[in-house]
Amino acid sequence: MEAILEHLPKQQEESFVVKSFDYPYFPTPWHYHPEFELVLVTASTGKRYIGDQISDFGPGNLALIGPHLPHTYHNDEQYYQPKSRQRARSIVVHFLERSLGADFLSLPESEPLRKLFSQAARGLDITGRSNRLVSGRMKELVHMKGLARWLKLVEILHILAETEEYSFISRMPVSGQNEKEDGRMAKVMDYVLKHFASAIRVNDVARQLNMADNSFSRYFSQRTRKTFSAFVNEVRLNHACKLLIENRLSVAQICFECGFNNLSNFNKHFKELYRQTPLAYRRQMNKLTTDN
């Protein structure tokens, strides 16, 4: 998928970057960079797009994103309202393999790190106790300097390299392409996020990019390995999952709220993606909530 190349500058005395961000909403478009990124959301909710996957995020969401893996975090609609008092906060660490030292990864003791960095090509969602341990250390990292700062990064990577409390985010590695496509895919995503609850036609989106319908369809499928209609349905179904968990609307209401034109079509697509009906999904999530 084509994306914008992003760069977070580091200070001369630093080998890696640590930033604490505080915005009304996350402003970064669909982008990639040559660094590994460790990102902890500390405030706000929305949808994250990493590689070929879409999922919800909220406070405590922690991901390790490999080099050149395109991604963006898009806040829920209320964060973009003119008078909103909502805040989107995160801690982001950018580092390269050479941030650890020229021969660090050649050491036999670094084998777990080499495996971790290889797995990060698909993005890793960090959960459980490991999430809590790493999150706490990232908050410490923001205020540290010098050698202690570097050692804290190594400590964090050691936790990640040893844990089994993770899942892959992207189904397959996806690499950003080049800077000539600045904003193209971001425009597509913004349009879909704003209009998924109503009918979306290919020519509506193609017009946003000044492309012919066939050219846009080919462009989109080549870069995402899925059709545009499949992507729209994935956004709609992801939103449906959120509404099913909230348990405020009936399945029929959620169907139309998410942009599907009939219940049977909604049930069919939901079952294809999640291997169960919307009602079964709601029961399962309710049970998990009750058990916890």
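This one's a predicted model, so the numbers in the text were calculated from it and none came from an experiment.

Engineer: Go over helix H3 (residues 146-162) with me, naming the residues and quoting the values.
Structural biologist: What sets the pattern is the α-helix's 3.6 residues per turn: residues three or four places apart point alike. Between the first and last C-alpha of H3 there are 25 Å, a value that for 17 residues agrees with the 24 Å anticipated at 1.5 Å per step. Where H3 is concerned, the buried positions are Arg149, Lys152, Leu153, Ile156, Leu157, Ile159 and Leu160. Viewed along the axis of H3, the buried residues span an arc of 155°, placing them on a single side of the element.

Engineer: So what about the packing of aromatic side chains? Which residues, and what values?
Structural biologist: Counting across every chain of the model gives 20 aromatic pairs. An angle of 45° between the planes, with centres 6.5 Å apart, marks the rings of Tyr49 and Phe231 as tilted. Of this pair, Tyr49 sits in strand S5 (residues 46-50) while Phe231 sits in helix H7 (residues 228-246), and the two are 182 residues apart along the sequence. Through a chain of ring-to-ring contacts, the aromatic side chains of Tyr49, Phe216, Phe220, Phe228 and Phe231 assemble into a single cluster. For Arg149, the ring lying beneath its charged end belongs to Phe16, and the centroid distance is 4.1 Å.

Engineer: How would you sum up the side chain of Arg282? Please name residues and give values.
Structural biologist: Topologically, Arg282 is positioned in helix H10 (residues 278-291). Buried and unpaired, Arg282 has no salt bridge, with Glu246 as the nearest side chain of opposite charge at 8.1 Å. In this view, Arg282 contacts Leu243, Leu244, Asn247, Arg248, Leu249, Ser250, Val251 and Ile254; residues no more than four positions away in its chain are not counted.

Engineer: Describe the confidence of the model for the chain, and please don't skip the residues or the numbers.
Structural biologist: Of the residues in the chain, 89% have a pLDDT of 70 or more, and the chain-wide mean is 87. Per-element averaging of pLDDT across the chain places strand S1 (residues 4-5) at the bottom with 58 and strand S7 (residues 62-65) at the top with 98.

Engineer: Residues and numbers for the packing of helix H4 (residues 184-195) against H7, please.
Structural biologist: Think of two packed helices as two axes; the pair is described by the angle between the axes and how far apart they sit. Close contact between H4 and H7 brings their axes to 10 Å; oriented N to C, the two are set at 50°. Classed by the angle they form, the pair H4 and H7 counts as oblique. Of the two possible hands of crossing, H4 and H7 adopt the one that is right-handed. Across from Val188, Met189, Val192 and Leu193 in H4, the residues of H7 making contact are Phe228, Phe231, Val232 and Val235. Within the contact of H4 with H7, the residues separate by chemical class into 8 nonpolar, no polar and no charged.

Calculation rules
- Each chain carries its own residue numbering, running from 1 in the direction its sequence is written.
- Where local features are concerned, this predicted model is filtered to residues with pLDDT of at least 70; where side-chain atom pairs are given and counted, the filter is 80 or more; whole-chain, interface and lining totals use all residues.
- Neither water nor hydrogens contribute to the side-chain values; these are computed over all heavy atoms in the structure.
- We count a stretch as a helix when DSSP gives it H or I for four or more residues in a row; a strand needs E for two or more, and each element gets its number in order from the N terminus.
- Helix span, expected: 1.5 Å multiplied by one less than the number of residues in the helix.
- Relative accessible area decides the class of each residue, using a 1.4 Å probe on protein chains only: under 20% of the type maximum gives buried, over 50% gives exposed, and in between gives partly exposed.
- Note that the arc is computed from the directions linking the helix axis to the C-beta atoms.
- For this analysis, a ring pair means two rings from Phe, Tyr or Trp (six-membered ring only for Trp) whose centres lie within 6.5 Å, classed as stacked if their planes differ by under 30 degrees, edge-to-face if by over 60, and tilted for the remaining angles.
- Whether a charge sits over a ring depends on NZ of Lys or CZ of Arg being within 6 Å of the ring centre and within 35 degrees of the ring normal.
- Charge assignment: positive for Lys and Arg, negative for Asp and Glu; neither His nor the chain ends contribute.
- Any Lys or Arg side-chain nitrogen located within 4 Å of an Asp or Glu carboxyl oxygen qualifies as a salt bridge.
- Only heavy atoms matter for contacts: two residues are in contact if any of them lie within 4.5 Å across the pair.
- pLDDT expresses how confident the predictor is about each individual residue, on a scale running from 0 to 100.
- Every angle, taken between N-to-C directions, lies between 0 and 180 degrees, and every axis is a line fitted to C-alpha atoms, over only the stretch in contact when it is a helix.
- In these notes the angle categories are as follows: under 35 degrees is roughly parallel, over 145 is roughly antiparallel, 65 to 115 is roughly perpendicular, and the rest is oblique.
- The handedness criterion is simple: a crossing whose near helix is rotated anticlockwise from the far helix by less than a right angle is left-handed, and one whose near helix is rotated clockwise is right-handed.
- Each residue is assigned to one class: nonpolar for Ala, Val, Leu, Ile, Met, Phe, Trp, Tyr, Cys and Pro, charged for Asp, Glu, Lys and Arg, and polar for all the others, Gly among them.

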